[in-house]
Amino acid sequence: MRGSALALTMLFVLASAAPATAAEAPAARYEHVAYQHYVALGDSYASGPGIPEQNGTPLGCGRSDHNYPGRLARWLRVVKFTDVSCAGATTANMAGPQVVQDGANPPQLEALRPETDLVTLTIGGNDIGFGEILGTCGQTGSTDPTGAPCREHYTSGGTDVLANRVAVAGKRVATVLAEIRTRSPRARVLVVGYLRILPTGAGCWPQVPFAAGDTEYFDRTERSLNEALAAVTRTAGARFVNPYLYSTTHDACQPDDRRWVEPLRPASPAAPIHPNEQGMTVVAGLTWLATLSPR
């Protein structure tokens, strides 16, 4: 299911059946809010590398007009939409520039204005090293396919390095949220988490060449990151949208027509281990719910 049909289906299903904790959408009656200036901040899980049509500058940011911010902006019919999300971004690139292919993406927070009334933020994955983790787990997987060599690598010193990174990332995101509030005090701020990337079971060698135990370890780390993001979001008085809750059977190990995140060899236009257009549409639907207000 693609495009508008999927969007409509998601919205009807979510409006009638979604738990309020997922997007913190009110359970009461809803009304549409007219947003004037929407700014989208974040990394590749917001920008949508590989998804047509790639647009904006610099090209190295991998920004698609069919990423979740783009869909959300069209659904809300915002007056002004500014998408500065960029593949590879960390929390440091909120306040500092990011050098990418074909140029540099300016500090993302500079897109905010006092009149900005809607902000979405997807960040933290690169702070804990998603790309590095995927590379390390993929390389070590062949050394012990039924074991957990990647988990052993990250816990060899007696502590879980990735768990520590998650804790640090949460603090950094809290700082970003405080700056957003300073720059755009009247904005509704939505922190959007990450779609489920891998299952809890043995995984799907060779589509994602993780050892059996490392698939579960990566999934647990991703859950921890989403939980940390949810916690700092609540503390900041913002709203957290958690796509992970809805993507239990839509990870990169699922069949082509079911998954929302692509494996190492994508079957749909998207970067490896990144959301496809279907996944972005689902995230947009969940985020749309979070823009609604009770009467």
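Residues numbered from 1 in each chain as written. Predicted model: local features only at pLDDT ≥ 70, side-chain atom pairs only at ≥ 80, totals over all residues. Heavy atoms only, no water.

S.K.: Which residues make up the overall build of the protein, and what values go with them?
M.R.: Helix and strand counts for the protein stand at ten helices and nine strands. Buried positions account for 56% of the 295 residues belonging to the protein. Sequence separation of 24 or more characterises 72% of the internal contacts of the protein that already satisfy a separation of 6 or more. Just so you have it, the protein exposes about 12,200 Å², and 55% of that area is on carbon and sulfur atoms. (Helix = DSSP H or I, 4+ residues; strand = E, 2+ residues; numbered from the N terminus. Buried < 20%, exposed > 50% of the residue type's maximum accessible area, 1.4 Å probe, protein only. Contact = heavy atoms within 4.5 Å. Areas by Shrake-Rupley, 256 points an atom, 1.4 Å probe, with all protein chains shown as cover.)

S.K.: Give a detailed account of the pattern of salt bridges, specifying residues and quantitative values.
M.R.: Between side chains of opposite charge, a pair can form when the charged atoms approach closely. Going through the model one piece at a time under the given rule, you end up with nine salt bridges. The salt bridge partner of Arg220 is Glu216, with a shortest N-O separation of 2.7 Å. Pair noted here: Arg220 and Glu216 are both in helix H9 (residues 212-235), with a separation of four residues, about one helical turn. Looking at Glu216, the relative accessible area reads 24%, which means it is partly exposed. For Arg259, the salt bridge goes to Glu262, with nearest N and O atoms at 3.3 Å. Across the pair, Glu262 and Arg259 agree in class, each one buried. A network of salt bridges, in which partner residues are shared, links Arg196, Asp219 and Arg223. (Salt bridge = Lys/Arg side-chain N within 4 Å of Asp/Glu carboxyl O.)

S.K.: Describe the sheet that holds strand S7 (residues 188-192), listing the residues and the values that go with them.
M.R.: Within the open sheet, the five strands sit side by side as S3-S2-S6-S7-S8. Their pairing is parallel. Bordering the open sheet on either side are strand S3 (80-83) and strand S8 (239-241), each of which pairs with just one other strand. For this sheet the average axis-to-axis angle between neighbouring strands, irrespective of direction, equals 20 degrees. Bridge count between strand S6 (residues 118-122) and S7: four bridges; the pairing is parallel. Pairing of Leu118 across the sheet is with Arg188, part of S7. Helix-sheet contacts for helix H8 (residues 161-183) involve strand S2 (37-42), S6 and S7, and the interaxial angle to S6 is about 165 degrees. (Pairing = 2+ DSSP bridges. Axes fitted to C-alpha atoms, helices over the stretch in contact; angles between N-to-C directions.)

S.K.: Can you tell me about the nonpolar core, naming the residues and giving the values?
M.R.: Formed by 73 residues in total, the largest nonpolar core has its most connected members in Leu41, Leu121 and Ile180. Once you skip the residues sitting within four places of it in the chain, Leu41 turns out to touch Ala46, Val84, Ser85, Met94, Gln108, Leu109, Val119, Thr120, Leu121, Thr122 and Ile180. (Core = buried A, V, L, I, M, F, W, Y, C linked by side-chain atoms within 4.5 Å.)

S.K.: Quick one: what's the story with the state of the cysteines, residue by residue and with numbers?
M.R.: A full pass over the atoms with the stated rule returns three disulfides. Disulfide pairing is shown between Cys61 and Cys86; the S-S distance is 2.0 Å. The chirality of the disulfide connecting Cys61 with Cys86 is left-handed, given an S-S dihedral of about -85 degrees. Of this pair, Cys61 sits in the loop between helix H3 (44-47) and helix H4 (68-76) while Cys86 sits in the loop between S3 and helix H5 (92-95); the two residues are 25 residues apart in sequence, bridging distant segments of the chain. (Disulfide = S-S within 2.5 Å.)

S.K.: Pulling in residues and values, what's your account of unusual backbone geometry?
M.R.: A cis amide bond, omega -10 degrees, links Pro52 with the succeeding residue Glu53. Along the chain, Glu53 turns up in the loop between H3 and H4. In this structure, the amide linkage connecting Trp205 to the following residue, Pro206, adopts the cis form with an omega of 0 degrees. For Pro206, the location among the structural elements is in the loop between S7 and H9.

S.K.: Pulling in residues and values, what's your account of the packing of aromatic side chains?
M.R.: Two descriptors summarise a pair of aromatic rings, namely the distance from one centre to the other and the angle between the planes of the rings. Applying the stated criterion across every chain, the model contains five aromatic pairs. On the basis of an interplanar angle of 35 degrees and a centroid distance of 5.7 Å, the ring pair of Phe130 and Phe218 is categorised as tilted. Note that Phe130 is positioned in helix H6 (residues 130-140) and Phe218 in helix H9, a separation of 88 residues in sequence. Taken as a pair, Phe130 and Phe218 share a single burial class, namely buried. Within the aromatic cluster, the residues linked to one another by ring pairs are Tyr45, Phe130, Tyr194, Phe210 and Phe218. (Phe/Tyr/Trp six-rings, centres within 6.5 Å; stacked < 30°, edge-to-face > 60°.)

S.K.: Summarise the side chain of Thr82; cite the residues concerned and give the values.
M.R.: Among the secondary structure elements, Thr82 is positioned in strand S3. If we skip the residues at most four places from it in the chain, Thr82 touches His37, Tyr38, Val39, Ala40 and Ala111.

S.K.: Can you tell me about the pairing of S7, naming the residues and giving the values?
M.R.: Burial within S7 is extensive, with five of its five residues counted as buried. Burial of S7 is two-sided: the residues Arg188, Leu190 and Val192 facing one way and the residues Val189 and Val191 facing the other way are all buried. Looking at chain direction, S7 and S8 are connected through three bridges and run parallel. Across the sheet, the residue bridging to Val192 is Val241, located in S8. With H9 bridging S7 and the parallel S8, this β-α-β connection has right-handed handedness. (Right-handed = clockwise from strand over helix to strand, strands pointing away.)

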